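Examination of the molecular architecture
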Amino acid sequence: MTPDIAIVIPIYRHSALADEAISSALALEGNLDHVVIAVDDGCPNVETRAALDGWARHAPDRFHHLHQANSGLSAARNTGIRFALSKYPALRGVFPLDADNRLDAHSLTLFEHLLHTEEADWFYPNFDMFGLQSYAHNGGRFALPLFAASNQCEAGSLIRREVFDAGVWFDEDMRAGYEDWDFWLSAARAGFQGAPVRQNFFRYRKRPESMLSGSHDQDTVLRSVIQKKHGWLYDKDSIAQLAAQQIPRFACFEGDAVQVFTDPADRTDSDREALIHQIIKGRARPETEWVHQNWVFTRPGVIDLLSRCKLSQSILWHLQAGLMKADIAALRVVQDPGGQRKVDVTIPAEHPKNIAYDTPPNRRLWHVDNRTYKRDRSRQAEVLEQADVLMVSRDMIQRLGFPDGTDLAMKGRRAARILKAASVLHVRAAINHPRPDRSGPPPRDMLEQFTRDLREHPHVNGYVLHDLKPWRDPPRAASAKDIGWIQHNHGFHTAPFPIVTPPGTRRIGIALPIMQFGGVEKCAVALAAALKRQNVQCHLFVYGNSQMAGTDWLFEPFETVHQLNHPLLRDWRGGQYLGTNTAAPPPTHLLNQMVGPLLSMDAVISTGSAAIFHGLSALRSKRVAVASWEHLVETGGYGRVYGTPYLGVAYEGGLDRILTCSKRLASWMHAQGVPSEKLVPLPNGPGFPLDADQVAAALAARADRPDDARLRVGFLGRLDNQKGADRYLAIARACRDLPIDFSITGSAVIGESGLSVPPEITHYPAAFEVEDLREAFARLDILLMPSRDEGLPLTIMEAQRVGLIPIATDVGAVSEAIEDGVNGFLIKGSPVVSQMVALLRRLATEPGLRRSVSGELGGVDQRWDQNATAVIDALL
Amino acid sequence: MNTLSSPPPVYLVASDDVAHLATHSDVVTLSLSEWTGRLIDLGDRLVLSDMTVLGLCLTQTGRGALDANPRLVALIKALDLPIVDILQDPNPETLLSATVNLLIQRDNAGRTQMAEDRAALAELRKLHMQMQTDHAELERWVWDALAPKFKRLRAWPATARSIPLSGLVVQPLPVPSRGLMAYDVHIHEAAPSEGRIGFRMARPVGDPFEGATNSVSVQAGDSGWVRLVLPQATPGQPEDAELHLWWEGEGTAPALSLAPETPFPDLAVAQDGVTASAPLALHVFKSLPRQPAPPLYDHRRGLPADGITRFAAPSELGKPVRLPWSNNPVRRAFRKYPDFARVEYWEKENVVFVHPSIHRPVVACVPGLKVERLAEVTGIIQIGKLSTLPIAFALGVVPHGSVTAAEDAIAHLGDWMQLLPGEWGDVWKRLETPLSGDVDLLLATGMPNVPFNRDADALFHGFRLTTDSTGPAEQT
C-alpha cells in the first residue's frame, strides 16, 4: 500500500477516548489511501498499549503503533510524522489528530479535493466543538497579521508533506501549550500558507478542563515565548506592514477621484462602487470581510501638497491617532506667515460628566469645564465646516451608513444626528508654502454624500444583512474586523506610522527636539543625505514643542518628516545626572505616541531628544536599534561642564550605540565609562550640500583671484563670547594697517556683552539657503574662529571644502579638522589675539603660503559618506 | 476489514547470550542488541514501532548492557515492560518457563481489560436504552403538545431574475444540515411542461446525505412557490450542506426565480459549475431530526371540485375568547419576563388579534359561525409589526362548545404556518369528516421558548369556508 495521507494520533492519558479518534480515522472513506499512526507518548495507562495492540490486530495494514518515553505532545507528533514520511516516501499529507477529537467520515474525500484544487500548504477546520457544544467558523482568508494576534488553526489540519520536508516541525520544547500556533508561525516563516476549509470535517472535543484551557491560563507567558521566538513577525512594525498587504489602511476621496493606500507615497486608484460594496460586505460579515480602517475625504491637492512637504505621513498619522479620542479628525492647512512649519493637535474637550476628576469637582469647576466644553463644541462645528481633510473610522462610516430606522428618511435624520453629535479633533498644519485653492466640495459634504449613497444603495435595501452571515458563530480568534486593534496592540497602543517599505529596505529614524538651522540639525541632514546615497531611507522625527525651519533643503534627504508637538517633550525637570538635567518622564499616552511611529524604523538615532530615553526599553523590546548621537559638552558660567553626553552616559545600558561628533568626544565618553565597542565616532563634515561641480567652480574662482587682492577675513554664524567675540574685534582692530577686509555673516549683536559690530567690519545677514551659504563662503579667503570652547564646528569643513583657510583656536575637537599648516592653522595656547594677528600678517603678505594651505580638503568631502558607512555597520 | 486470521507476532527480548535458546514457536525471540537495532533512533529518544513485546529476559550481562543505554531504559520504563532476571548460563527450559509466565501475565492483563470494557459497554447499553425511551417520549410530547412543528430558517424573496432548471443547479445552504425538512423554490413563470423537480441534500464534497433525495411533480402552468419536502428531517451532526436540483421530464424545464444579488459567492446558486451572482429565491424549513415532515400547506392544491366556498369576515363572527390552559407552569428562565398574551377583536381593522405568549400557544375560540357540510376552512394571517420575531399561526374548527381548554384545542388545529415580521400568509384546516351546524373557529398563535414577544401583533383577517357535497354530514 502507498498511502497518500497519514493520520497521526499522539496519545497520553486519553486511553479510552483514543478509541474514538482511531475508530473515526480508520472509518474514513474515499479514493485516497490512508494510514493511521498512533503514538503512545509514554502513556502511564496500561490500557493505552492494550488498546493499540488491539487496533494493530484489527487493521494491521492501515494502523501503526509507536511507543516512546514521554516527551510531550510536540515530540509525539514529530515521532509519528517522521515515521510516516520515512516509511511512506510517496505520502502527500499528514493530519495530526489529537486523541480526544474525531474526523467526519467524508474527510478523506475532502482531503483529496483540497490537495487537488487548493494551492495552500495546510488546511484548517472550523471550530466545530462537541462536549461543550459550539460552532464557530474559521474566519476569512488566511492572514498573517490576524495570526499574530491569535491562533486560528487547530492542530487538526491537513498539512502537505512539503512543510516538513522544509524542516518545519513542532517545537518539542514547547510543552506548556501553543505548540501548534508556534508550528504554523514557523511554517508561515518558511513561506508556507494556510487556507481555511469551509466545510466541516473535524470535531473538537471541548471540555472545561482541557490542555488548551491550561495553556490559556498561561496565555501571557506563552505569548511572550511566541513573540520572542518569532521576532520576524512581532518586531518593529512587521504586523502593520503585513496588514498593509492585506488591505490598504486608508480609502481616500479627493474630488471625484477615489484612491486607497497605506502610504500616501504609494496610492492606488479605486472606485466608489467597489468601496460601497466592500462596506456592505463588511457590515454583513465583519469577521471575514476586510474593510479599510480609515476613510479620508479631502479637498483636491491637499495630500499632494503635504507630500511635497514630506508631511503627508505625519498628518495622516495624527489624524488616525486622533480617532482614538474623537469620532472625526479634521485637518486645516495654513501658510505660516513666518515661513516655518508646525503641526498642532487640539483634542476635543470632554463633557464634565465624562472627566475623571481626582476629587469630586465643586460647582464652579464643573461650570468652568461645562463652559469650556460648550465653547469647544461650537469650535468643533466650525472646524468640521472648514476642514481641508476629514478622516473617520470604519465604525463611524458604518454608523452613518447603517443607522437604525425603518425608512430612508428616518435613517437620514438619525445619520444627521450622529454627525452633529460627533466629537471632532482638530489638526492644524502650518507650512512654508502657499496652500492650494479651496476648490472642490467641502470634505464634510463629501462624507455626507458618501454615507447617503450607502444608505440609498439598492443592495443595502435588497439584502437582509443578517441572512448573509455564515451559520456558524464568529470565531473567538482575531478576525478581519480586529485588524485595527491588533496593530494598535502591537504598536504601543497608538496608530502605526503610515509608511510601506518593500522587503529589504533599511530605515533609520533621526529624532531631534528641534529642527532649526543649528549645527546638530545640519549634521543630521548631512548624515541623512549620505545614508540616502547608500540606499538607506532616513525619516526625521521632531519631538518637541517648537516650529520647524521652513528651509526646504534641510528636509530633502528625508523620506518623511514627523512632528509631535507637545511641551512635555521638552520638559527637562526629570532630575539631574552628574549635574545635567534629564527629561521628565512623559505620560504614558505621550510616550506611546512618541515611540509608536519609531517602530517603523530599523534603527533610531536620537540627538538631543532626551524624552526618548524613556522609551528605550520599549524600542529595544521590538528590536529597534537605538543610538544616541552626542555633539558637545558645554561649559557653564561657573566653568562646570554639562550637556547631553552626560545623558548618553546615563542611559548607556539601554542604547545599542553612542555616536559622537568627534574622536575626542568618543574618548571623553569612554573615560566616563562607556565601552569603546559601543562608541562610534562620526567626525563632522560639511553641513550643507554642494555637488562636485559646485566645489570645483568655487576652488577655480578662488585660484583665479590675484595674489595682491585684499585679504577677506570673516566669521560665519552666531558670534558670542564662547566663540571669542572680543578676540575677533581685537584682531580686527590690530589689523587695521593691513590689506584685510573683515566681515561677519550672521548675528549683528556680539555676545551677551552687547558689543556691536563696528562699521569697519562688514555685516551680512544670516544665510539659510544653499545658494546664500555658497555665496557667503565665496566672499571670504580666511575663516577666523578665535573660540574659547568648541565641539567640531561644521563651518571649518565647509570652509575647507571651498578653499577657505580656517584659522582656529585649538579647543574642543578642532584639531581633528585642522592639521596645522596643511589645511588650516591652529592657534595653541595664549595669547590668541597676537598669534592670530601675526598669522594674518604673514598670510596677507605671503600668497604662496595661502596657496599651499587653500584647497587642501583633507578628505572632508568624503567624511559623511564614511560616517554613513560606519552607522550602517553599527546599527543595521 | 478485520484480519484476525493473521495477527502480528508477539516478541520476547532476551539477553544476547541466551536468545538462541528460545524454543517457543509462537513467540519471536530477539536478542537485546537485535531489538535495540530495530528501534527507531530519533536522537534524544528511541521509538518502538509496530511491535508487541511481552517483556525482557535478562541475564546479569544483559542487565549491564541495558543499564548502559539510558534511552533504552527510558523506553522500557515508559512501556512498563516486565523484566525477568534469569541466571547466568541458563538452559532452554528456564527461558521457556519465563516466556510462559510472561504470556500468562499478558493474558491475565488482557482478560481483565476485556472485562472492564464489557462492563463499560453494558453500562453504555443500559444508558442508551434509557435514553432512547426518554427521547421517544420527549419527542412525542414535543410533537404533539408544542407548536409549531417546524420553523422557517431563511426566506430569500423572489426577484424578476431567474435561471432555467437545466443541468444540475446547486444552491449552498446558509444553515446547518441537522433537522432540515423542506424547501420552497419559486417557479419564475408558468411552467412550460409537466415533469418533476428532483432534489437532494448533499455535502459540498463527499457523499450526499442518506435518505435526503426526493422529487415533486410540476404541472404545466404551475408558477410561484413550490415546496420540496424531504422524506425525513436530516439527522446527524450539523454539517455544511447544499441543495441540488434537477429537472426530470421530457419537456422544457421551468425557470427558478433568483433572490436579490449577493456579495458573497459562497451563497450564490451555481448551474453546471457556473456560479451566478445571486442565490435562489428560497425558504428553508427545519424540524426535529429524523421526523417525517408534517403536512405543509401547498398553495397549488386544488379546491374540492364540487364544493361551494364563501367568505366570512371577523365582523360577522362572535367575540373571540381566549381558551385557558388547565396547567400553566412557567419555566424558571422566563419567570421574570413580562409576558403578554391577549385575544381581541379589532373593529376598525376587522381582524382578530391573537397575541402569542412566550410559554405556550395562545388559542382564541371564535363562536358565531353556522356551516353546512364544512370541508375546509382557511384564514388570512399577518404579522402587523416589523419589530418582533417570527410567529407561528394555526387554525381549527370544532363543533360549538365542544372545546373549552387550550390543550384540547391543539389536536383540532391544522398545520402551523410560520411568518416573518411584516409578512402575510394563510392557514388552513381540512376536515376528514364534514361538519354542519354551529361551529367555533380556533385561532392559535405561538412562539414558545422564544424569550421575547413584544410587538407580536398576530392578526387573522378573514376566513374562506368550503363545503363538500359528496360525503355524509356529521351531526353537531
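Before any of the text, the structure's been laid out above.
Summarised in this report is the structure supplied together with it. All of these numbers come straight from a predicted model, not from anything done at the bench. Residue numbers here run from 1 along each chain, matching the order of that chain's written sequence. Chain A is the first chain written and ligand 1 is the first ligand written, with later ones labelled in order. In view of the model being predicted, local features appear only for residues whose pLDDT reaches at least 70, and side-chain atom pairs are presented and counted only at 80 or more, with totals across whole chains, interfaces and linings using the full set of residues.

**Some details on the overall build of chain B**
Numbering goes from the N terminus for both helices and strands, where a helix is a DSSP run of H or I of at least four residues and a strand is a run of E of at least two. Regarding its fold elements, chain B presents 5 helices and 27 strands. Just to be clear, the radius of gyration here is over C-alpha atoms, and the globule rule we use is 2.2 Å times residues to the power 0.38. Over its C-alpha atoms chain B spans a radius of gyration of 36 Å, topping by over 25% the 23 Å that the globule rule assigns to 476 residues. Counting only C-alpha atoms and orienting by the principal axes, one finds that chain B spans roughly 110 × 55 × 45 Å. Each of the 476 residues in chain B was classed as buried or not, and the buried ones make up 37%. Each residue gets a C-beta atom placed from its backbone, and two residues are in contact if those atoms lie within 7 Å. Here the contacts in chain B between residues at least 6 apart in sequence split such that 78% fall between residues at least 24 apart. Partly exposed residues are those falling between the two cut-offs: more than 12 but fewer than 20 other C-beta atoms within 10 Å of their own, whereas 20 or more means buried and 12 or fewer means exposed, with C-beta atoms placed from the backbone.

**Regarding unusual backbone geometry**
The linkage connecting Ser 830 of chain A with the following residue, Pro 831 of chain A, adopts the cis geometry, with an omega of 5 degrees. Here Pro 831 of chain A shows up in the loop between strand S38 (825–827) and helix H30 (832–845). Despite not being glycine, Lys 236 of chain A shows a phi value in the positive range, around 50 degrees. Inspection of the secondary structure puts Lys 236 of chain A in the loop between helix H10 (231–234) and helix H11 (238–246). Classification of Lys 236 of chain A by C-beta neighbours within 10 Å gives buried; the count is 21. Of note, the phi angle at Arg 373 of chain B is positive, near 55 degrees, even though the residue is not glycine. Structurally, Arg 373 of chain B is set in strand S23 (residues 362–383).

**Considering the sheet that holds strand S9 (residues 169–172) of chain B**
All names here are of chain B. Between any two strands, at least two bridges found by DSSP are needed for them to pair. Spatial strand order, S12-S11-S14-S9-S16-S17: 6 strands in an open sheet with antiparallel pairing. Looking at which strands have only one partner, the edges of the open sheet turn out to be strand S12 (213–218) and strand S17 (274–275). As defined by bridge partners, S9 adjoins strand S14 (residues 242–248) across 4 bridges and the pair is classed as antiparallel. Within S14, the residue paired with Val 170 across the bridge is His 244.

**Description of the interface of chain A and chain B**
Many descriptions give the size of an interface as the accessible area lost when the pieces come together. Facing 39 residues of chain A, the contacting portion of chain B comprises 43 residues. Secondary structure elements with two or more residues in the side of chain A that touches chain B: helix H2 (46–58), strand S3 (63–68), helix H3 (73–87), helix H4 (107–117), helix H12 (272–284) and helix H19 (458–462) of chain A. No other element matches the 8 residues that H2 of chain A contributes to the side of chain A that touches chain B. The pairing of S3 of chain A with strand S4 (residues 46–49) of chain B spans 3 bridges and is antiparallel. Pairing of Gln 68 of chain A across the sheet is with Val 47 of chain B, part of S4 of chain B.

**Examining the packing of helix H21 (residues 519–533) of chain A against helix H32 (residues 863–875) of chain A**
A pair of packed helices is characterised by two quantities: the angle between their axes and the separation of those axes. All names here are of chain A. Axis separation between H21 and H32 bottoms out at 8 Å; the angle between their running directions is 75 degrees. One element, H21, and the other, H32, form an angle in the roughly perpendicular class. Contacts from Ala 526, Leu 527, Ala 529, Ala 530, Leu 531 and Arg 533 in H21 reach Trp 864, Asp 865, Asn 867, Ala 868 and Val 871 in H32. Residue classes in the contact of H21 with H32 are distributed as 8 nonpolar, 1 polar and 2 charged. Fitting a line to C-alpha atoms yields each axis, with helices limited to the stretch in contact; the angle taken between N-to-C directions then spans 0 to 180 degrees. Between 65 and 115 degrees an angle is taken as roughly perpendicular, under 35 as roughly parallel, over 145 as roughly antiparallel, and anywhere else as oblique. Under the convention adopted here, Pro, Cys and the residues Ala, Val, Leu, Ile, Met, Phe, Trp and Tyr are nonpolar, Asp, Glu, Lys and Arg are charged, and Gly plus all remaining residues are polar.

**Description of the environment of Asn 70 of chain A**
For Asn 70 of chain A, the location among the structural elements is in the loop between S3 and H3. Accessibility expressed as a C-beta count within 10 Å gives 17 for Asn 70 of chain A, which makes it partly exposed. Taking the C-alpha atoms as reference points, Asn 70 of chain A and Asp 304 of chain A, separated by 234 residues in sequence, lie 64 Å from one another. With residues up to four places along the chain from it excluded, the contact list for Asn 70 of chain A reads Tyr 12, Asp 41 and Gly 42 of chain A together with Ala 78 of chain B.

**What about the nonpolar core?**
The nonpolar core criterion groups buried Ala, Val, Leu, Ile, Met, Phe, Trp, Tyr and Cys residues into a set whenever they are joined through C-beta atoms within 7 Å. Ile 9, Ile 37 and Ala 330 of chain A are the most contacted members of the largest nonpolar core, which totals 316 residues. Listed in part, the 49 residues of the second largest apolar core include Cys 365, Ile 410, Leu 442 and Leu 465 of chain B.

**Here we look at the environment of Met 391 of chain A**
All names here are of chain A. Mapped onto the elements, Met 391 comes out in strand S18 (residues 389–393). Taking the C-beta count within 10 Å as the criterion, Met 391 has 29 such neighbours and is therefore assigned buried. Apart from the residues within four sequence positions on either side, Met 391 is in contact with Asn 294, Trp 295, Val 296, Leu 319, Gln 320, Leu 323 and Ala 329.

**Quick look at H11 of chain A**
Taken residue by residue, H11 of chain A has Ser 238, Ile 239, Ala 240, Leu 242, Ala 243 and Ala 244 of chain A as its buried positions. Against the buried residues of H11 of chain A lie helix H5 (144–149), H10 and helix H20 (483–489) of chain A.

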